[in-house]
Protein chains: 2
Amino acid sequence: MCQQTPFIPTQVSFQLDLPSWLTHKLSTLPQHFDSDEKKMQLVLECATDNFQRNTGGPFAAGVFERDTGKLVAMGVNRVVPTQCSSAHAEVMALSMAQQVLSHYDLGRGGFPAHQIVINWRPCAMCFGAILWSGVRSVMIAGAGAELEAITGFDEGPMTPNWRQELESRGIELVEGVMNQQAIELFENFAATNRPVYNARVS
Amino acid sequence: MCQQTPFIPTQVSFQLDLPSWLTHKLSTLPQHFDSDEKKMQLVLECATDNFQRNTGGPFAAGVFERDTGKLVAMGVNRVVPTQCSSAHAEVMALSMAQQVLSHYDLGRGGFPAHQIVINWRPCAMCFGAILWSGVRSVMIAGAGAELEAITGFDEGPMTPNWRQELESRGIELVEGVMNQQAIELFENFAATNRPVYNARVS
């Protein structure tokens, strides 16, 4: 009975953006980060700023050239402000990096190897996003149950052999960089009682 | 030695768009689709048009109100044209729907239940994206090995008990709608010899 009513398309594109504080912060950064700790320190700073400034969840990610430490792009979690459940830090950082390099494959022939640096193991969605992005290295501060236990965020069902899945696809995994600082960040987030937005806790 | 060189941020946002043929097609559609087959037919048409018009891979997704069949948003795979490896059909459709409804959670209290209709089982990334989107129903034409076997696309490591993961989160799964037509679509795609862009086949 409703067949006669036409569909009116109101949305034919969408835009995801970084918060303005991060845009400003980026312009104050050096071009290169010459140690694992310096890269992770930047990611932890951005994750902290993001929840403290109320511009998203306590997660950040950076894409670097693996061997030179050159910063390519940063992302932070933007789910709530951008009204987009896929706007996790990893998707933001990888998409920004792909726009910077004008290609969907960061592992394309002719490109230097790229690394994504994240303040914890990616969720189920972002694990897939990393596989498809072309990065050749993933650096995380930790991979344990602390994230879910401390913050209440649901990280979803990972394939059990996720480390082997990375290895079999030629993606290096660097774990445990600034682990205690990353856990403290989650504790600080939990202490704020900011909302945790798991969509499907039915 | 490179520490003095400042980082110059060139990318602080990115936009993902539908192809113009789909924008036009949407304006010709009815508002409601009153059967599973009519919803899937639309998705299969869009997936076919997308690869035939060279605007992305052979995948489409629609978000509907589950009980009324009202169309909310459509998406198609846009990885290559938008230079974004996360621009799969499901991420496009879910993100468009969230913009239409101005909320990151399609399962928010007060909203009608939403359903995503896809021409095959989602990849590892999109499975996670669906969990986080708030949809309460997933309809697929098939879930078997045919997609990877026929097209060569890598769908990534799914958690083995993905059906139970949906069920335990209160997300209904409807399988096998227009299965043969979906397989024929992949065969037609394979016959074109268009590039398959698996990023990390190392």
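To start, this report covers the structure provided alongside it.

### Overview of the pairing of strand β4 (residues 114-118) of chain B
Residues and elements named next belong to chain B.
At step 1: Where burial is concerned, most of β4 is hidden: five out of the five residues are buried.
At step 2: Here β4 shows two buried faces, one formed by H114, I116 and I118 and the other by Q115 and V117.
At step 3: Pairing of strand β2 (residues 60-65) with β4, which is carried by five bridges, proceeds in the antiparallel orientation. Note on β4: the bridge partner recorded for V63 is I116.

### What to know about the packing of aromatic side chains
At step 1: The full count for this structure, using the stated rule, is 14 aromatic pairs over all chains.
At step 2: With centroids separated by 5.3 Å and ring planes inclined at 85 degrees, the aromatic side chains of B:F51 and B:F189 adopt a geometry described as edge-to-face. Of this pair, B:F51 sits in helix α2 (residues 36-52) while B:F189 sits in helix α8 (residues 179-192), and the two are 138 residues apart along the sequence.
At step 3: On the basis of relative accessibility, which here comes to 1%, the residue B:F51 falls in the buried class.
At step 4: Classification of B:F189 as buried rests on a relative accessible area of 3%.
At step 5: In this structure an aromatic cluster arises from ring pairing among A:F51, A:F59, A:W120, A:F153, A:F186 and A:F189.
At step 6: Directly above the ring of A:F64 sits A:K39, whose terminal nitrogen or CZ lies 5.7 Å from the centroid.

### Here we look at the sheet that holds strand β3 (residues 71-76) of chain B
All names here are of chain B.
At step 1: Spatial ordering of the open sheet is given by β3-β2-β4-β5-β6, a layout of five strands whose pairing is mixed. Of all strands in the sheet, those with a lone pairing partner are β3 and β6 (172-174), marking the two edges. Mean inter-strand twist for the sheet, computed between neighbouring axes without regard to direction, equals 15 degrees.
At step 2: The strands touched by α2 are β2, β3, β4, β5 (137-140) and β6; relative to β2, the strand with the most contacts, the crossing angle is about 150 degrees.

Criteria and cut-off values
- Residues numbered from 1 in each chain as written.
- Chains lettered and ligands numbered in written order.
- Predicted model: local features only at pLDDT ≥ 70, side-chain atom pairs only at ≥ 80, totals over all residues.
- Heavy atoms only, no water.
- Buried < 20%, exposed > 50% of the residue type's maximum accessible area, 1.4 Å probe, protein only.
- Helix = DSSP H or I, 4+ residues; strand = E, 2+ residues; numbered from the N terminus.
- Pairing = 2+ DSSP bridges.
- Phe/Tyr/Trp six-rings, centres within 6.5 Å; stacked < 30°, edge-to-face > 60°.
- Lys NZ or Arg CZ within 6 Å of the ring centre and 35° of its normal.
- Axes fitted to C-alpha atoms, helices over the stretch in contact; angles between N-to-C directions.
- Contact = heavy atoms within 4.5 Å.

Limitation: the analysis is restricted to geometry and does not speak to function.
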